[in-house]
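Observations on the three-dimensional arrangement
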Amino acid sequence: MSGCATRTVRRRTARPFSGNSCGRSAKPVPTRRWRGGGAEQLDYLIRRYRTRTAGRRLLILLDDAPNELRVDALLPPTADAAVLVTSHSRLPALPGFRTLVLEPMGTAESLALLTSMAGKSRILVEPEAADAIAEACAGLPLALRAAADRLAARPHWPAVRLARRLSDPALRIEELRVGGLDVRRSLDSVLRQLPPIEKESGRALAPRERGTFTAAAVALASGLSEDTAEELLERLVEGAVLEMSGIDTEGRPRYRFHELMRLVAAGPHECLADSRLSRAS
């Protein structure tokens, strides 16, 4: 998955801006009562933020940006600041920005992350189980961190026990929830941010598309024209719900779900059906 593959979501309670929030020593800004609602308060806070950052040399991190409009409002009015933006979706190009799409981690990287967090004694002594855990996490760092934390929190568990639980689609997403790390919540937030037609299409496609597929196949199954189906699939790629898998021999794009995104989009009932299929095979 692009974008979301290397980020951790942290949610903080909003508080009034003060000089301290940009590194200056100053008295806290008193909380104001807002009669105009959230929009007026947001406008006030953005103006204070832009005033505080003007002319300063800063590195600003904007994490989990939903769209380019939210980013544009927070760009400091100075050329001396660098801005790093992370997002699940692919943001349209912003002036002066360079976009880097982060692909899922490979097997070696996944095992290295598991080992660094769960410990060599838990991973290196059970290489086959470690490989299975890495495969179940599908290169998603948030999932790998959750799996490593699960092992660290249960030192009496051999790695093979977690690998066995992760191999069951009906259990996998729930197993990847430890403390504040929650794969379902993170990936479901991607779906919730989509326009209704794209969100509904993603959830409808997930149960039946377990491999790669083309717009022509989706058009045939849904009754859409191929051009309409392709435009819809491209928007789902931009929204980080689908990935590009390549181009087929006829020059048509092929698409796929990241496996964890597919399980989240399909919902628990379809995960249970997947579990029965995997046991039958």
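Starting afresh in each chain, residues are numbered from 1 along the sequence in its written order. This being a predicted model, a pLDDT of at least 70 is required before a residue's local features are given, and a value of 80 or more before pairs of side-chain atoms are given or counted; all residues contribute to the totals for chains, interfaces and linings. Just so you know, side-chain values use all the structure's heavy atoms and leave hydrogens and water out.

Re the overall build of the protein chain
Using the following cut-off: Put simply, DSSP H or I for four residues or longer makes a helix, DSSP E for two residues or longer makes a strand, and each gets a number counted from the N terminus. For each residue, the accessible area found with a 1.4 Å probe, counting protein chains only, is set against the maximum for its type, and the residue is called buried under 20%, exposed over 50%, and partly exposed in between. Any two residues whose heavy atoms approach within 4.5 Å are treated as being in contact. What sets the accessible areas is the Shrake-Rupley method with a 1.4 Å probe; for residues, cover comes only from the shown protein chains.
Assigned secondary structure in the protein chain consists of 14 helices and seven strands. A burial count over the protein chain gives 41% of its 281 residues as buried. Across the protein chain, contacts joining residues at least 24 apart in sequence account for 61% of those joining residues at least 6 apart. Carbon and sulfur atoms make up 52% of the accessible area of the protein chain, which amounts to about 15900 Å² in all.

With respect to a nonpolar patch on the surface
Rule in force here: Only residues whose relative accessible area exceeds 30% and that form no salt bridge enter a patch; like-charged residues are grouped when within 9 Å of one another, and nonpolar side chains (Val, Leu, Ile, Met, Phe, Trp, Tyr) when within 5 Å. For this analysis, a salt bridge means a side-chain nitrogen from Lys or Arg found within 4 Å of a carboxyl oxygen belonging to Asp or Glu.
Together, L59, L61 and L84 make up a nonpolar patch on the protein surface, roughly 350 Å² of accessible area in all. Tracing the backbone through its elements, the reader meets L61 in strand 1 (residues 59-62). Overall, L61 belongs to the exposed group, its relative accessible area being 54%.

A short note on the pairing of strand 2 (residues 82-85)
Keep this limit in mind: Between any two strands, at least two bridges found by DSSP are needed for them to pair. With its strands directed away from the observer, a crossover is right-handed exactly when the path from the first strand over the helix to the second travels clockwise.
Sheet analysis places strand 1 next to strand 2, joined by four bridges and oriented parallel. Within strand 2, the position partnered with L62 by the bridge is V85. Read from strand 1 through helix 2 (residues 68-73) to strand 2, the crossover connection turns out right-handed.

A few points about unusual backbone geometry
For A138, which is not a glycine, the phi torsion comes out positive at approximately 55 degrees. Within the fold, A138 resides in the loop between helix 5 (127-137) and helix 6 (141-153). Residue classification places A138 among the partly exposed positions, given a relative accessible area of 24%. We note that A240 has phi near 70 degrees; this positive angle belongs to a residue other than glycine. Note on placement: A240 falls in the loop between helix 12 (226-238) and strand 6 (242-247).

Quick notes on the confidence of the model for the protein chain
Basically, it comes down to this: Every residue carries a pLDDT, the predictor's confidence in it, which falls somewhere between 0 and 100.
Predicted confidence across the protein chain gives a mean pLDDT of 82, with 82% of residues reaching 70 or more. Confidence over residues 2-30 falls short of pLDDT 50; this stretch has 57 contacts with residues more than four positions distant or in other chains. Here residues 277-281 scores under 50 on pLDDT; set against residues more than four positions off or in separate chains, the count is three contacts.

So, the side chain of E126
Just so we agree on the cut-off: Counted as a polar contact is a pair of N or O atoms within 3.5 Å, where, for protein atoms, one must be capable of donating a hydrogen and the other of accepting one, and residues adjacent in sequence contribute only when both atoms are in side chains.
Locating E126 in the fold gives a position in the loop between helix 4 (120-123) and helix 5. Here V160 takes part through its backbone nitrogen, which lies 3.2 Å from a polar atom of the side chain of E126. Those residues in contact with E126 that sit more than four places away from it in its chain are P158, A159 and V160.

Overview of helix 12
Spelled out, the test is: Take the number of residues in a helix, subtract one, and multiply by 1.5 Å to get its expected span. By definition, the arc is the one covered by directions from the helix axis to the C-beta atoms.
For helix 12, with 13 residues, the first-to-last C-alpha span of 18 Å sits near the 18 Å given by 1.5 Å per residue. For helix 12, the set of buried residues is A229, L232, L233, L236 and V237. Taken down its axis, helix 12 places every buried residue within 145 degrees of arc, on the same side. For helix 12, the secondary structure elements touched by its buried residues are helix 10 (196-205), strand 5 (213-214), helix 11 (215-222), strand 6 and strand 7 (253-257). Immediately downstream of helix 12, the backbone of A240 shows phi near 70 degrees, a positive value.

So, the pattern of salt bridges
Pairs can form between side chains of opposite charge once their charged atoms are near each other. Within the structure shown, the criterion is met by 14 salt bridges. Note that E175 and R150 form a salt bridge whose closest N and O atoms lie 3.6 Å from each other. Taken together, the residues E175 in helix 8 (residues 169-175) and R150 in helix 6 connect sequence positions 25 residues apart. Here D188 and R192 are joined by a salt bridge, their closest N and O atoms 2.8 Å apart. Here D188 and its partner R192 are both found in helix 9 (residues 183-192), four residues apart, which amounts to about one turn of the helix. Owing to a relative accessible area of 17%, D188 belongs among the buried residues under this scheme.

Overview of the packing of helix 5 against helix 6
Rule in force here: Helix axes are fitted only over the stretch in contact, all axes being lines through C-alpha atoms; the angle between N-to-C directions runs from 0 to 180 degrees. Geometric relationships in this document are graded by angle, where less than 35 degrees denotes roughly parallel, more than 145 denotes roughly antiparallel, 65 to 115 denotes roughly perpendicular, and other angles denote oblique. Put simply, a crossing is left-handed when the front helix is turned counterclockwise from the back one by less than a right angle, and right-handed when it is turned clockwise. We call Asp, Glu, Lys and Arg charged. Ala, Val, Leu, Ile, Met, Phe, Trp, Tyr, Cys and Pro are nonpolar, and the rest, Gly among them, are polar.
Where helix 5 contacts helix 6, the axes come no closer than 9 Å and their chain directions differ by 140 degrees. Relative to helix 6, helix 5 is oriented oblique. Considering how the two elements wind past one another, helix 5 and helix 6 form a crossing that is right-handed. Counted together, I133, A134 and C137 of helix 5 and A143, L144, A147 and L151 of helix 6 form the full contact between these two elements. Within the contact of helix 5 with helix 6, the residues separate by chemical class into seven nonpolar, no polar and no charged.

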